[in-house]
Amino acid sequence: MRKRSHRLRAAHAVVAVTAVLAAAGCDTVGRGTSGDTGARAGRPSASPTPEWDTSPDSVAAVGDSITRGFDACAVLTDCPEVSWATGSDAAVNSLAVRLLGVAGASQHSWNHAVTGARMRDLKAQMDKAVVHRPELVAVMVGANDACRASTAEMTSVADFRTQFQDAMNTLRQTLPKTQVYVSSVPNLKRLWSEGRTNPLGKQIWKLGICPSMLGDADALDGAATARRETVQARVVAYNKVLADVCAKDRRCRFDHDAVFDYRFGAQQLSHWDWFHPSRNGQARLAEIAYRTVTAKTP
């Protein structure tokens, strides 16, 4: 009986101590009741790293003539200083300048876009971009895939998808955490509609600028209309591809057709060819990109 009484008193003591510890917020092994509250009380809790950083500290740009500032400063000439992505022109206030400041943009932004580039060329541009290990890659490409000598020569939607995915894979093989901003392809039909009222612009178009859309600019017959609608439909399909591929990458943001939907007017178009963006147009593209990159949610 004495042994049983001793055991009962010991058990009651354990219960009492456990109750005291529980009231103090600890379990019987010295941890918080949630598993680690006591251990964490003296140090700040770790915050999860966000999947999207709204203030990346370096930018590389890839794409075509728009990102090279083509025809914004002089006829049939690149003018990268007014590029929406990496330009230094104060009137444009490029994406890189908005994110990094003037000094930061001059040291930590790079433009690997090439006038005339198509989606098939993006992979090689990505190879060059990854050398800098940028925290953000800005992409605008696809207009030249639709701007061919004829609608039959436009890049197929299937090839466009494969080529874009290959370019993204090239980036991810080296830089899995680099963020990507993807611009939609501009509305080529709207650019035709705006520019066709300018005689000088139409003369420049005859030199070979986007013939599938801009050829026979004044023609409004059934064949010309059908041709332009075919180009327009292909651009819409390209933008869907850009959205689809980007959506599968958690560090990729598409502009949700913001560039395609932007209503470029006379002020936003080059006064050399009335098709490519002017300085004003480049600034509008920079605004759209910056708004997309810095948004708290996609």
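Our subject is the structure that appears above.
Residues numbered from 1 in each chain as written. Predicted model: local features only at pLDDT ≥ 70, side-chain atom pairs only at ≥ 80, totals over all residues. Heavy atoms only, no water.

## Let's talk about the environment of Ala72
Examined against the element boundaries, Ala72 turns out to sit in the loop between β1 (59-63) and α3 (95-108). We classify Ala72 as buried; its relative accessible area is 11%. The spacing of Ala72 and Gln282 is 210 residues in sequence and 8.5 Å in space, taken between C-alpha atoms. Excluding residues that lie within four positions of it along the chain, Ala72 makes contacts with Val82, Pro277, Ser278 and Arg279. (Helix = DSSP H or I, 4+ residues; strand = E, 2+ residues; numbered from the N terminus. Buried < 20%, exposed > 50% of the residue type's maximum accessible area, 1.4 Å probe, protein only. Contact = heavy atoms within 4.5 Å.)

## Things to note about the nonpolar core
Trp84, Leu122, Val139, Tyr181, Val182, Leu188 and Phe275 are the most contacted members of the largest nonpolar core, which has 70 residues in total. Broken down by element, the residue count for this core peaks at 7 residues, all from helix α10 (residues 222-247). Dropping the residues within four chain positions of it, Leu122 is found in contact with Val62, Gly63, Val139, Val141, Phe164 and Ala167. (Core = buried A, V, L, I, M, F, W, Y, C linked by side-chain atoms within 4.5 Å.)

## A look at the packing of helix α7 (residues 188-195) against α10
Look at α7 against α10: their axes get within 8 Å of each other, and the N-to-C directions meet at 135°. Between α7 and α10, the crossing angle belongs to the class labelled oblique. Contact with α7, carried on its side by Leu188, Lys189 and Trp192, involves Arg228, Glu229, Val231, Gln232 and Val235 of α10 and no other residues of that element. Partitioning the contact of α7 with α10 into residue classes produces 4 nonpolar, 1 polar and 3 charged. (Axes fitted to C-alpha atoms, helices over the stretch in contact; angles between N-to-C directions. Parallel < 35°, antiparallel > 145°, perpendicular 65-115°, else oblique. Nonpolar A, V, L, I, M, F, W, Y, C, P; charged D, E, K, R; others polar.)

## Brief notes about the pattern of salt bridges
Counted according to the given criterion, the structure contains 10 salt bridges. A salt bridge links Asp78 to Arg68; the shortest N-O distance between them is 3.7 Å. With a gap of 10 residues between them, Asp78 in the loop between β1 and α3 and Arg68 in the loop between β1 and α3 connect regions that are remote in the sequence. Salt-bridge contacts for Asp249 lead to Arg172; the nearest nitrogen and oxygen are separated by 2.7 Å. In this pair, Asp249 is assigned in the loop between α10 and β5 (252-254) and Arg172 in helix α6 (residues 157-174), connecting sequence segments 77 residues apart. Asp249 sits in the buried class, given a relative accessible area of 14%. Exposure remark for Arg172: the relative accessible area of 17% places this residue in the buried category. (Salt bridge = Lys/Arg side-chain N within 4 Å of Asp/Glu carboxyl O.)

## Re unusual backbone geometry
Notably, Asn93 is not glycine yet its phi reads approximately 55°, a positive angle. Mapped onto the secondary structure, Asn93 falls in the loop between β1 and α3. Residue classification places Asn93 among the partly exposed positions, given a relative accessible area of 31%. Phi is positive for Asp257, close to 70°, though the residue is something other than glycine. Inspection of the secondary structure puts Asp257 in the loop between β5 and α11 (258-261). Judged by relative accessible area, which is 26%, Asp257 ranks as partly exposed.

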